[in-house]
Amino acid sequence: MSAAAVDPAYRQAPDSRALAHIPGCDGWPVLGETVAVVRDLHAVAARHVRDYGPVSRIRLLGQGGLMVTGADLYQRIFQDTEQVFSAEKGYDKQLGAFYPRGLLLMDFDEHRANRRLMQGAFKVAALQRYLEMMQPLIAVHVLDWGRAGEIVFYPRIKQLLLEIAARCFLGIVDLGSDGERINRLFLDLNAGMISLLRAELPFGAYGRAKRARRRLEAWFETMIAARRAGGDGDDVLSHMSRDTDEHGQPYAVKTIVDHMIFLLFAAHDTSTSALSHLAMYLGRDAALQGRLRTHLDSFGPGPLAHADLARMDLAEHCFHEAMRLHPPVPMMMRRTIRATELGGHAVPAHTVLHLPTRINHRDPAWWSDPERFDPDRFAPPRSEQRRHPMSFHPFGSGAHKCIGMHFADMTVKAFLHRFVTSYGFATPEGYAPRLEWVPLPKPADGVPLRLSATASGPGR
């Protein structure tokens, strides 16, 4: 079926509730299984697989739907050759409440057109320019961390990655006093996604998130007006502010704002999650940390060239292993456009699908000793990620595969090169933090680290 044949009326249809024929658990009135999922999504997903199979009924935040697991089913859903599964309507009530009209929340022809609009930001020439821009900023932050001696990693890396995204995509060389404020607005925005009370009141996470969204919109609207008034910046925001659509008309301010807020979120929050978990594992494994340091030292003091990145295999394997165990997007979403079949069950049109990422990432059918942090599983000859096309999918797959995945890979490698060669770092003895997965996955205490300069450390 062609994209033109998809009836756009699916966008207005309510979620299907005709799911009683599919085994599962509705949980508590109104809340469903929300509380259990917020506490431990993976445990709930594993229980559903054990008790009901790969497709089961579930209700979250008052929204009924199905939990779907398994690499074969994910391959069909994400490749979506028959155009049955809508990302826009899957994310509509959760992510869409705070990041409306982001690239992920678009379907078919509209998604393709907007992806082309954004594609130039991630071509090789642009990535090479970003690498040059981010390395001095990384060096300044990492040097400052060493002066403190002891740091809590999560807030530090989040601030750094936000500033990198602002420099690369917005052309802001120094966020200055805006940095802490913008960071806080994103924290408030993301916290709203798990609010049980979904009403904009003067108090509560949902109201704060809605107000944060409006403040971010106002910030971007001011910048867009300034870019259109003059200037020839080479950043993404400047290009979008000057560019025109196929009819020769400037893009609507709202269109640019929606894309840029989602881009800034995706460019820093997901990598913050992955690096925080990686810092946790490296901080309690001195041998692996030392091995990675030797590997990264072989690239010299820097700055790195873009060609260096492809040879940083151990850094990449560590990054991927952190995302395998703790995917930064722990649950992906879709909604059926037409009636279909999944796992032997008849699934009505307009059925919400909850797709927990980690269940495939830890499936013993594809991964040896799947609960163990073992970066070498990604290296030849094991290459366990190749056992199934959808056993490892931290960036999604198909038409909606993350457009910024190469930017994320580059940022992580550039950061690790500077940080790991500058310092030895350790978590407290016996470190085993509580792990959160909402609103974004991270160790609950933010990963406290004690730093000590290496022989090739700061000032080299």
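Residues numbered from 1 in each chain as written. Predicted model: local features only at pLDDT ≥ 70, side-chain atom pairs only at ≥ 80, totals over all residues. Heavy atoms only, no water.

Caption draft 1: The overall build of the protein chain, seen in detail. Broken down by element type, the protein chain carries 15 helices and 13 strands. Taking 23 Å as the expected radius of gyration for a compact globule of 460 residues, we find that the protein chain reaches 22 Å, a close match to that expectation. Projected onto its principal axes, the C-alpha positions of the protein chain cover 65 × 55 × 45 Å. Within the protein chain, the fraction of its 460 residues that count as buried is 56%. (Helix = DSSP H or I, 4+ residues; strand = E, 2+ residues; numbered from the N terminus. Rg over C-alpha atoms; globule rule 2.2 N^0.38 Å. Buried < 20%, exposed > 50% of the residue type's maximum accessible area, 1.4 Å probe, protein only.)

Caption draft 2: How the structure looks around the sheet that holds strand β6 (residues 331-336). Spatially, β1-β2-β3-β9-β6-β4 is the arrangement adopted by the six strands of the open sheet, whose pairing is mixed. The open sheet has two edge strands, β1 (24-25) and β4 (85-86), and neither has a second partner. Pairing analysis gives two bridges linking β1 to strand β2 (residues 55-60), with the strands arranged parallel. Its bridge partner being in β2, C25 is matched across the sheet by I58. Docked against the sheet, helix α2 (residues 41-52) engages β1, β2, β3 (63-68), β6 and β9 (352-356), running at close to 140 degrees with respect to β2. (Pairing = 2+ DSSP bridges. Contact = heavy atoms within 4.5 Å. Axes fitted to C-alpha atoms, helices over the stretch in contact; angles between N-to-C directions.)

Caption draft 3: Here's a closer look at helix α11 (residues 253-283). Between the first and last C-alpha of α11 there are 44 Å, a value that for 31 residues agrees with the 45 Å anticipated at 1.5 Å per step. For α11, the tally of buried residues reaches 26 of 31 residues, placing the bulk of the element in the interior. (Expected span 1.5 Å × (residues − 1).)

Caption draft 4: Highlighting the pattern of salt bridges. Per the stated rule, a full pass over the model turns up 35 salt bridges. With a closest N to O distance of 3.4 Å, K158 and D269 form a salt bridge. A residue pair is termed long-range when its members are at least 10 positions apart, and K158 in helix α7 (residues 153-170) and D269 in helix α11 qualify at 111 residues. Under the relative-accessibility criterion, D269 is labelled buried at 1%. For D409, the salt bridge goes to K413, with nearest N and O atoms at 3.2 Å. You can see D409 and its partner K413 sitting in helix α15 (residues 405-422), four residues apart, about one turn around the helix. By relative accessible area, D409 is classed as buried at 15%. K413 sits in the buried class, given a relative accessible area of 3%. Salt bridges linked by common partners bring E321, R324, R372, D374, R377, R382, E384 and R387 together as one network. (Salt bridge = Lys/Arg side-chain N within 4 Å of Asp/Glu carboxyl O.)

Caption draft 5: Molecular detail of the packing of aromatic side chains. Per the stated rule, a full pass over the model turns up 22 aromatic pairs. With a centroid separation of 5.9 Å and 80 degrees between ring planes, the pair formed by W145 and F153 is classed as edge-to-face. Linked through ring pairs, W145, F153, F415, F419, Y423 and F425 together constitute an aromatic cluster. The ring centre of F98 lies 5.3 Å from the NZ or CZ of K210, which sits over that ring. A cation sits over an aromatic face here: K442 above Y154, 5.2 Å from the ring centre. (Phe/Tyr/Trp six-rings, centres within 6.5 Å; stacked < 30°, edge-to-face > 60°. Lys NZ or Arg CZ within 6 Å of the ring centre and 35° of its normal.)

Caption draft 6: View of the packing of α7 against α15. Between α7 and α15, whose axes approach to 12 Å, the crossing angle comes to 125 degrees. Here α7 lies oblique to α15, going by the angle between them. For the pair α7 and α15, the crossing hand works out as right-handed. Every residue of α15 that contacts α7 at F153, I157, L160, L161, I164, C168 and F169 is listed here: F407, T411, F415 and F419. (Parallel < 35°, antiparallel > 145°, perpendicular 65-115°, else oblique. Left-handed = near helix turned anticlockwise from the far one by under 90°.)

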